[in-house]
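Here is how the chains run, residue by residue.
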Amino acid sequence: MHVLPDDDSWLIDERRAIGNRIRAERERRNLTQEALILAAGIDRVTLWRVETGEESKVSTLLRIARVLGVPLAELLGE
């Protein structure tokens, strides 16, 4: 069993890493933010939050993964 650190800074780092993987995959597929927004049925602020590492819903991440054609685990870094 893993013991959590005393603070939540690791969560911020993990969310940023997920956002970076999403942005990199979007760019690798030559998708603009607008194209991903429309295809995933999310709004601009939501995508900005995801790509910058803010809190995001699992359902949002699942939508993005589906549009990008990658397993969610890949975006999560699993």
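Above this text is the structure in question.
Just so we're clear, the structure is a prediction, and the values are computed from it rather than from any experiment.

### Some remarks on the environment of Leu47
Here's step 1: With respect to the element layout, Leu47 can be found in helix α3 (residues 44-52).
Here's step 2: For Leu47, a relative accessible area of 1% gives the class buried.
Here's step 3: In this structure, the C-alpha to C-alpha distance between Leu47 and Thr60, residues 13 residues apart in sequence, is 8.8 Å.
Here's step 4: The contact partners of Leu47, leaving out residues within four places of it in the chain, are Gln33, Leu36, Ile37, Ile42 and Ile64.

### A few points about helix α4 (residues 58-68)
Here's step 1: When α4 is considered as a whole, its buried residues turn out to be Thr60, Leu61, Ile64, Ala65 and Leu68. The arc that holds every buried residue of α4, seen down its axis, measures 135 degrees, which confines them to one face. Pointing more than 90 degrees away from the buried face of α4 are the exposed residues Val58 and Arg66.
Here's step 2: Taken together, the buried residues of α4 touch α1 (9-28), α2 (33-40), α3 and α5 (72-76).
Here's step 3: Gly69 sits one or two residues past α4 and shows a positive phi near 70 degrees.

### A look at the side chain of Glu25
Here's step 1: By the secondary structure assignment, Glu25 is in helix α1.
Here's step 2: According to the relative accessible area criterion, Glu25 is buried, its value standing at 8%.
Here's step 3: A polar contact of 2.9 Å, which involves the side chain of Glu25, links it to the side chain of Arg28.
Here's step 4: Once you skip the residues sitting within four places of it in the chain, Glu25 turns out to touch Leu68, Val70 and Glu74.

The rules behind the values
- Residues numbered from 1 in each chain as written.
- Predicted model: local features only at pLDDT ≥ 70, side-chain atom pairs only at ≥ 80, totals over all residues.
- Heavy atoms only, no water.
- Helix = DSSP H or I, 4+ residues; strand = E, 2+ residues; numbered from the N terminus.
- Buried < 20%, exposed > 50% of the residue type's maximum accessible area, 1.4 Å probe, protein only.
- Contact = heavy atoms within 4.5 Å.
- Arc of directions from axis to C-beta.
- Polar contact = N/O pair within 3.5 Å; in protein donor to acceptor, adjacent residues only side chain to side chain.

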